[in-house]
Amino acid sequence: MPRFPKLKVTHWVDGQPSREILDFEQAPYFLFNYDVLVAVEGEVMRSYEELVQLASQDRYKDRDFLEVRVETIIGGG
């Protein structure tokens, strides 16, 4: 398996940005199990498989980090 970069994750808690670093392998457990919108390097990801495809691209292969933005989806009616 290729070496993937770490993930710099930004999400908002009580109106304040919260940042953390995740190992790439943690992504399926922390990013794709909740009602959130995940954008990696500006591209919306719907699954861990899409994230792996993006991180496998030549333009990201030598990067130490990928920028991840997480937004909570709020349903309404």
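Basis of the calculations
- Residues numbered from 1 in each chain as written.
- Predicted model: local features only at pLDDT ≥ 70, side-chain atom pairs only at ≥ 80, totals over all residues.
- Heavy atoms only, no water.
- Phe/Tyr/Trp six-rings, centres within 6.5 Å; stacked < 30°, edge-to-face > 60°.
- Helix = DSSP H or I, 4+ residues; strand = E, 2+ residues; numbered from the N terminus.
- Buried < 20%, exposed > 50% of the residue type's maximum accessible area, 1.4 Å probe, protein only.
- Salt bridge = Lys/Arg side-chain N within 4 Å of Asp/Glu carboxyl O.
- Polar contact = N/O pair within 3.5 Å; in protein donor to acceptor, adjacent residues only side chain to side chain.

A. Expanded view of the packing of aromatic side chains. In total, this model carries two aromatic pairs according to the counting rule given. Centre to centre, the rings of Phe 4 and Phe 24 are 4.4 Å apart; their planes meet at 20°, and the pair counts as stacked. Taken as a pair, Phe 4 in the segment before β1 (6-13) and Phe 24 in the loop between β2 (16-22) and α1 (27-30) lie far apart in primary sequence, 20 residues in all. One exposure class covers both Phe 4 and Phe 24, and it is buried. Judged by centre distance (5.8 Å) and plane angle (55°), the rings of Phe 24 and Tyr 48 are tilted. Of the two residues, Phe 24 sits in the loop between β2 and α1 while Tyr 48 sits in helix α2 (residues 48-55), which places them 24 residues apart along the sequence. Of the two residues examined, Phe 24 and Tyr 48, each falls in the buried class. Each residue in the set Phe 4, Phe 24 and Tyr 48 is aromatic and connected to the rest through ring pairs, giving one cluster.

B. Local environment of the pattern of salt bridges. In total, this model carries five salt bridges according to the counting rule given. One salt bridge in this structure joins Arg 3 and Asp 64, with 3.8 Å as the shortest N-O distance. In this pair, Arg 3 sits in the segment before β1 while Asp 64 sits in the loop between α2 and β5 (65-72), placing the two residues 61 residues apart along the sequence. For the pair formed by Arg 3 and Asp 64, the shared burial category is exposed. The partner of Glu 71 in a salt bridge is Arg 69, and the shortest N-O contact between them spans 2.8 Å. Residue classification places Glu 71 among the partly exposed residues on the basis of a relative accessible area of 29%.

C. A look at the environment of Arg 59. Tracing the chain through its elements places Arg 59 in the loop between α2 and β5. Given the relative accessible area of 53%, Arg 59 is considered exposed. Sequence-wise, Arg 59 and Arg 19 are 40 residues apart; in three dimensions their C-alpha atoms are separated by 24 Å. In terms of polar contacts, Arg 59 uses its side chain to reach the side chain of Glu 43, at 3.1 Å. Among the polar contacts made by the side chain of Arg 59, one reaches the side chain of Gln 57 at a distance of 2.8 Å.

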